[in-house]
Amino acid sequence: MNRFKTSKFKNTTPKIAKKDEWINNVRAGSFPCQGSHIKASSKLVAFNSEQAGGGMLGLSSVKPGSDGQWTVTQFSCHSDLVTDLDFSPFDESLLATCSGDETVKLWRLCDPEQQQPSCPELTLRPGQGRLELVLFHPTSSGLLAVGATKSPLIWDTSRQDAPLAVLEQHGDQLQSLSWKRDGSLLASSCKDKMLRVFDPRAQLTPVQSAKSLQNNKDSRILWAKDDFLLTTGFDMMRSREVRLWDSRKLSSSVSSTSLGISSGMVIPLFDEDTGLLILAGMGEAVIDCVEVSASEFTQVSHCLTDTSSRGVALVPKHALDVLSCEVMRVLQLTDSCIVPISYQVPRKQSSQEFHEDLYPDTVGTTPAMTAEEWWEGGNKQVEKVSLQPDTLPKSKAAPAKKKELTSGGSKEDPARGCSTSSSPLSTPSSSAAPSRSPSSTSGLSSGFLPSPSQSTKAIHSLLGPTSKFRHIQGAVMHRDTHITNLRGLNLTTPGESDGFCVNRQRVAVPLAISGGQIAVCERSQPGRLPDTALPTVENSVNVVDLSWDPFNAQRLVVAGDDAKIRVWQVPEGGLTETLTEPEVLLQGHTEKIYSIEFHPLASGLLASSSYDLSVRLWNLENGEQVKLLTGHQDQIFCMAWSPDGKLLATVCKDGKVRIYDPRKSTAPVQEGPGPEGHRGARVVWVCEGKYLLVSGFDSRSERTLSLYSADSMSSGVIACTSIDTSPSTLIPFYDPDTSVVILTAKGDTRVHIYEIVAEEPYFMECSSYNSPEPHKGLAFLPKSECNVRDVEIAVGLIITKTAIEPVAFRVPRVKKEYFQDDVYTDTAVCWEPALTASAWLSGSNGQHKKISLKPKDMTPVSEAPKEAPVRKYLPSSVYLEEKTDEQKKEELLSAMVAKLGNMDEPLPQDSFQGVDEDEWDD
């Protein structure tokens, strides 16, 4: 922006409506989808509702009724979650919706006070699976862009049988779409970090594309003025950012700015007439307004709201109060209401005259052409209109739109009880700031308001970045939760084994008793174990590794040194007698087994490694071997499944780290150099499965952590850090929600903790935990076992010579009465399978559903009210207050008396001892 030219919008001020002007009785839903949760036309507001699993929409009006109140109603749209919605720019009552039920529907809505239609005007069935995005074309009637999971579709609603174009498939989840204002180009952002620009009429492949995004978390893309694009997303440090791009050169951004660290996605809304950009973080109580120029972002206002956002939408220009100098109106969707926020430019006599300089002619509501004309190469633009009140065109009546209906139809779902429509449309048209009373600050000419992350930027440049978990504290829980009097523990399990295993209900511990016996202790029955013999699982041979089935709390799998794997079924409630017969016996290995590892998503699928240098996959449902993986040249130290369950990584004594795709090949698909030392190693997938973390030894026998890119193993180690010198291999536990890795080894007293990030410095060290005596192993429980009221991010069980002790790892926080939503993202339900072993083997993939750990009676800390600042000094008015002569005299006397002390007290010489009178004569 020209430094000598002042923007007329620099003082734009947000004004939050009074509470009696909010749209109440809203039950908004927050669902995992890529689309919008709220959209507005100049007449109606539609939003996601939490009812019917997200298949219903809420509806209200932009303006209140004749009684000054808003009517809120709900209507059923789809049989599955409504993933996105959009109003036509040419018809204020026409709404398009898409859903997880794989359909797109167009609805002719009525006023909220009236009965809404039970059947859509039109239903499209692309046959591309779950649909995520729907977007009307800005210049043409009856034209839609529809986003399937990985492919954008261009659809003419007058031709319902097939789309006009199916654009090139993306490499991962499609996250957002945006039409250019002139309707010629379509831009997309994707989880594969690529930005793409399509010219659908010229070619199905992108005309411009580049791997421009730094993080594969949620991103959004918007066309700004001319050939510029706006994106919001996350950088490699998980800090939210806004970037400006030239669509003709996507290799590098024109400008960027950081918005601080938070887990919530930033939703952008851009007004091309003013160049103002609204930035609202999901789950946050703050909304920023930024002015966008060709080279920079300029902060305009920073608005703190009463409640956190579930979504935001812009009201069309034609519905603004131009006589009040209102240049934008934002509707903030919260859990229970919709809050209007009016952005006004302060002007004298603003309510008496129309300020033409604030309101350039804006696009009208009459389409420039039909979808067919656009597809044949037309580039007509929508005629612009003035916003001056006496020249505003009156909105067209709905019947006028009905004249544009064509023949053909689409049958609605039979369950809806709707008949065939005889007239389908051809003209469809979150760091969270603390809350306070509705207020805002404005008038900043450049730069964002200093957020906590920005204000410490100078310190970070000197000391380097630090983790928010750096002060994590480990603490042994109360003795009432311990299991004591353990006797005869087996302390010589192989280094490839964790030594014992736990789940949410019980603990399995190998005993140093002949017959490979295993004690099973119920976590619900802590305390001292009896001195008499306990019922056990009698494995008949020495135990080399054991593991609980993650999806069956009663199933225990034990690998023995006889090359066999035994599957045991522990009765509900625990052991009452010794088990001697396994449920299933798996045979196939020819040598002693190293380790076993369950699949993270598929039920009944187990991997095992052996001295025969093979890795075998087993289907426990039928007890059969289903895969045999080869390629190892020496002892296999460890195996680890990727988070999506597609790949299996191994680290081997031959100095290699390998990645297998078991369903495609028995040989590794990638391999790279592993740790230099040969004493042992462990591997785990980190950073959403994009990297591998290997703990091992270097050539000097120092314990190290090494980070590899899962996409390029052959390039070697990305980063490495030394821990200490000790003979035992560090066993890592990784929490994907916080990206924190906790490491310890058998016989150690210290537990090391690091936060792993995908860019330098890669390893951010946190406070370590020291146990009073050496432990024999540490195993962790699912995230659902954490007490969020104490801000626990991990709970593990440490086994000593005679006891099992729960240890909680907590993050110190001041406001523990609030739910720390910056620490607790939605966590995966890892104790429920996503698919069966047979389905996975046949090529299917799945993913765990996620849940929030927030108790119903806790408020997120992002929504906590801001505490009033404590004044350290008296206000200046006290010092500047005029005093009378009498007051001054009184103060002077008081000061003198205080300095001299109490006059009633005796003088020091009064206490001295005198002399006799006779002595004076001498």
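Rules of the game
- Residues numbered from 1 in each chain as written.
- Predicted model: local features only at pLDDT ≥ 70, side-chain atom pairs only at ≥ 80, totals over all residues.
- Heavy atoms only, no water.
- Helix = DSSP H or I, 4+ residues; strand = E, 2+ residues; numbered from the N terminus.
- Areas by Shrake-Rupley, 256 points an atom, 1.4 Å probe, with all protein chains shown as cover.
- Buried < 20%, exposed > 50% of the residue type's maximum accessible area, 1.4 Å probe, protein only.
- Patch = residues over 30% accessible without salt bridge, like charges linked within 9 Å, V, L, I, M, F, W, Y side chains within 5 Å.
- Salt bridge = Lys/Arg side-chain N within 4 Å of Asp/Glu carboxyl O.
- Lys, Arg positive; Asp, Glu negative; His and termini not counted.
- Charge placed at Lys NZ, Arg CZ, Asp CG, Glu CD.
- Pairing = 2+ DSSP bridges.
- Core = buried A, V, L, I, M, F, W, Y, C linked by side-chain atoms within 4.5 Å.
- Contact = heavy atoms within 4.5 Å.
- Phe/Tyr/Trp six-rings, centres within 6.5 Å; stacked < 30°, edge-to-face > 60°.
- Lys NZ or Arg CZ within 6 Å of the ring centre and 35° of its normal.
- Polar contact = N/O pair within 3.5 Å; in protein donor to acceptor, adjacent residues only side chain to side chain.
- Axes fitted to C-alpha atoms, helices over the stretch in contact; angles between N-to-C directions.
- pLDDT = per-residue confidence, 0-100.

### Let's talk about the overall build of the protein
Line of reasoning, step 1. Per the secondary structure count, the protein includes eight helices and 68 strands.
Line of reasoning, step 2. Of the roughly 41,400 Å² of accessible surface on the protein, 48% is carried by carbon and sulfur atoms.

### Considering unusual backbone geometry
Line of reasoning, step 1. Cis geometry is adopted by the peptide bond preceding proline 761, which originates at glutamate 760 and carries an omega value of 10°.
Line of reasoning, step 2. A positive phi angle, near 60°, is found at cysteine 325, a position not held by glycine.
Line of reasoning, step 3. Turning to its location among the elements, cysteine 325 is positioned in the loop between strand S27 (311-314) and strand S28 (326-333).
Line of reasoning, step 4. For cysteine 325, a relative accessible area of 0% puts it in the buried group.
Line of reasoning, step 5. Despite not being glycine, leucine 613 has its phi angle at roughly 65°, a positive value.

### Looking at a positive patch on the surface
Line of reasoning, step 1. Among the surface-exposed residues, Lys191, Lys211, Lys690 and Lys850 lie close enough to one another that they form a single positively charged patch.
Line of reasoning, step 2. Here lysine 850 is to be found in strand S68 (residues 850-851).

### Describing the pairing of strand S29 (residues 338-344)
Line of reasoning, step 1. A large share of S29 lies buried, amounting to seven of its seven residues.
Line of reasoning, step 2. Judged by which residues are buried, S29 turns out to be covered on both faces: Ile338, Pro340, Ser342 and Gln344 on one side and Val339, Ile341 and Tyr343 on the other are all buried.
Line of reasoning, step 3. Of the pairings in the sheet, the one linking strand S1 (residues 13-16) to S29 comprises four bridges and is antiparallel in character. Across the sheet, residue threonine 13 finds its bridge partner in S29, namely glutamine 344.
Line of reasoning, step 4. With seven bridges connecting them, S28 and S29 associate as antiparallel partners. Among the inter-strand pairings, glutamate 326 is bridged to a residue of S29, identified as glutamine 344.
Line of reasoning, step 5. What sits between S28 and S29 in their antiparallel hairpin is a turn of four residues.

### Details of the pattern of salt bridges
Line of reasoning, step 1. Using the criterion set out here, one finds 36 salt bridges in the structure.
Line of reasoning, step 2. One salt bridge connects lysine 180 with aspartate 227, and the closest N-O pair in it is separated by 2.6 Å. Here the residue lysine 180 occupies a position in the loop between strand S15 (174-179) and strand S16 (186-190), and aspartate 227 occupies one in the loop between strand S19 (220-223) and strand S20 (228-234), the gap between them amounting to 47 residues.
Line of reasoning, step 3. Residue classification places aspartate 227 among the partly exposed positions, given a relative accessible area of 21%.
Line of reasoning, step 4. For arginine 703, the salt bridge goes to aspartate 748, with nearest N and O atoms at 2.9 Å. A residue pair is termed long-range when its members are at least 10 positions apart, and arginine 703 in strand S56 (residues 702-709) and aspartate 748 in the loop between strand S59 (740-744) and strand S60 (750-756) qualify at 45 residues.
Line of reasoning, step 5. A relative accessible area of 1% means that arginine 703 is categorised as buried.

### Some thoughts on the pairing of strand S3 (residues 44-48)
Within a regular strand, side chains alternate between the sheet's two faces.
Line of reasoning, step 1. For S3, the tally of buried residues reaches five of five residues, placing the bulk of the element in the interior.
Line of reasoning, step 2. With three bridges connecting them, strand S2 (residues 38-40) and S3 associate as antiparallel partners. Along S3, the bridge assignment pairs lysine 39 with alanine 46.
Line of reasoning, step 3. Where S2 folds back onto S3 in an antiparallel hairpin, the turn is made up of three residues.

### Some points on the nonpolar core
Line of reasoning, step 1. One finds Ile278, Val327, Tyr343 and Tyr359 to be the most contacted residues of the largest nonpolar core, which totals 31 residues.
Line of reasoning, step 2. Sorting the residues of this core by element identifies strand S23 (266-271), strand S24 (276-281), strand S25 (286-292), strand S26 (297-304), S28 and S29 as the ones contributing at least two each.
Line of reasoning, step 3. Beyond its immediate chain neighbours, meaning those up to four positions away, valine 327 contacts Phe9, Thr12, Asp271, Thr274, Leu276, Lys317, Leu320, Tyr343, Val345, Leu358 and Tyr359.
Line of reasoning, step 4. In terms of nonpolar packing, the next biggest core, distinct from the first, is built from 23 residues, Leu778, Phe780, Val811 and Phe819 among them.

### Observations regarding the packing of aromatic side chains
Line of reasoning, step 1. A full pass over the atoms with the stated rule returns ten aromatic pairs.
Line of reasoning, step 2. Geometrically, the ring pair formed by phenylalanine 75 and tryptophan 107 is edge-to-face, given 5.7 Å between the ring centres and 70° between the ring planes. In this pair, phenylalanine 75 sits in strand S5 (residues 73-76) while tryptophan 107 sits in strand S8 (residues 104-108), placing the two residues 32 residues apart along the sequence.
Line of reasoning, step 3. Overall, phenylalanine 75 belongs to the buried group, its relative accessible area being 5%.
Line of reasoning, step 4. Residue tryptophan 107 is classed as buried on the basis of its relative accessible area of 1%.
Line of reasoning, step 5. Each member of the aromatic cluster is reached from another via a ring pair, and the members are Phe733, Tyr769, Phe780 and Phe809.
Line of reasoning, step 6. Across the ring face of phenylalanine 234, the terminal group of lysine 217 is positioned such that the distance to the ring centre comes to 4.4 Å.
Line of reasoning, step 7. Directly above the aromatic system of phenylalanine 697 lies the positively charged group of arginine 679, at a separation of 5.3 Å from the ring centroid.

### Focus: the sheet that holds strand S38 (residues 517-522)
Line of reasoning, step 1. Pairing is antiparallel across the open sheet formed by four strands, whose spatial order is S36-S37-S38-S40. Only two strands of the sheet have a single neighbouring strand rather than two, namely strand S36 (501-502) and strand S40 (536-538).

### Some thoughts on the side chain of aspartate 101
Line of reasoning, step 1. Examined against the element boundaries, aspartate 101 turns out to sit in the loop between strand S7 (91-99) and S8.
Line of reasoning, step 2. One buried charged residue, aspartate 101, remains without a salt bridge, the closest side chain of opposite sign being lysine 105 at 4.5 Å.
Line of reasoning, step 3. Engagement of the side chain of aspartate 101 in a polar contact is seen with the side chain of histidine 78, the distance being 3.1 Å.
Line of reasoning, step 4. In this structure, aspartate 101 is in contact with His78, Ser79 and Asp80, ignoring residues within four places of it in sequence.

### Overview of the side chain of serine 49
Line of reasoning, step 1. Tracing the sequence through the fold places serine 49 in the loop between S3 and strand S4 (56-61).
Line of reasoning, step 2. What makes serine 49 buried here is its relative accessible area of 0%.
Line of reasoning, step 3. At a separation of 2.9 Å, a polar atom in the side chain of serine 49 contacts the side chain of glutamine 74.

### As for the sheet that holds strand S57 (residues 717-725)
Line of reasoning, step 1. Strand order across the open sheet formed by four strands is S54-S55-S56-S57, with antiparallel pairing between neighbours. Strand pairing shows two members of the sheet lacking a second neighbour, strand S54 (682-686) and S57, which therefore form its edges. Geometrically, the sheet is characterised by an average inter-axis angle of 20° between neighbouring strands, direction not taken into account.
Line of reasoning, step 2. Here S56 pairs with S57 via seven bridges, running antiparallel. For serine 706, the partnering residue across the bridge sits in S57 and is cysteine 720.

### Focus: the environment of serine 844
Line of reasoning, step 1. Relative to the assigned elements, serine 844 resides in the loop between helix H5 (837-841) and S68.
Line of reasoning, step 2. Taking the C-alpha atoms as reference points, serine 844 and alanine 602, separated by 242 residues in sequence, lie 9.9 Å from one another.
Line of reasoning, step 3. For serine 844, the contacting residues outside a window of four places in its chain are Arg663, Leu835 and Ala839.

### A word on the confidence of the model for the protein
Line of reasoning, step 1. On average, residues of the protein score 83 in pLDDT, and 86% of them reach the 70 mark or higher.
Line of reasoning, step 2. Counting interchain partners and residues more than four positions distant, the pLDDT-below-50 stretch residues 394-463 has 166 contacts.

### Side note on a nonpolar patch on the surface
Line of reasoning, step 1. Taken together, the side chains of Leu892, Leu893 and Met896 present a nonpolar region at the surface, about 300 Å² in accessible area.
Line of reasoning, step 2. Checked against the element boundaries, leucine 892 lands in helix H7 (residues 885-900).
Line of reasoning, step 3. Under the relative-accessibility criterion, leucine 892 is labelled exposed at 54%.

### Considerations on the environment of arginine 810
Line of reasoning, step 1. Within the fold, arginine 810 resides in strand S65 (residues 804-810).
Line of reasoning, step 2. Sequence separation between arginine 810 and valine 791 is 19 residues, and the spatial gap between their C-alpha atoms is 5.4 Å.
Line of reasoning, step 3. Apart from residues no more than four positions distant in its own chain, arginine 810 is found in contact with His471, Ile472, Gln473, Ala475, Asp790, Val791 and Glu792.
Line of reasoning, step 4. One polar contact links arginine 810 to glutamate 792, side chain to side chain, over a distance of 3.3 Å.

### A word on the environment of glutamine 169
Line of reasoning, step 1. Secondary-structure assignment places glutamine 169 in the loop between strand S14 (165-166) and S15.
Line of reasoning, step 2. Exposure remark for glutamine 169: the relative accessible area of 52% places this residue in the exposed category.
Line of reasoning, step 3. Through-space distance from the C-alpha of glutamine 169 to that of leucine 204 is 9.4 Å; in sequence the pair is 35 residues apart.
Line of reasoning, step 4. Discounting residues that sit within four places of it in the chain, glutamine 169 has contacts with Lys150 and Ser151.

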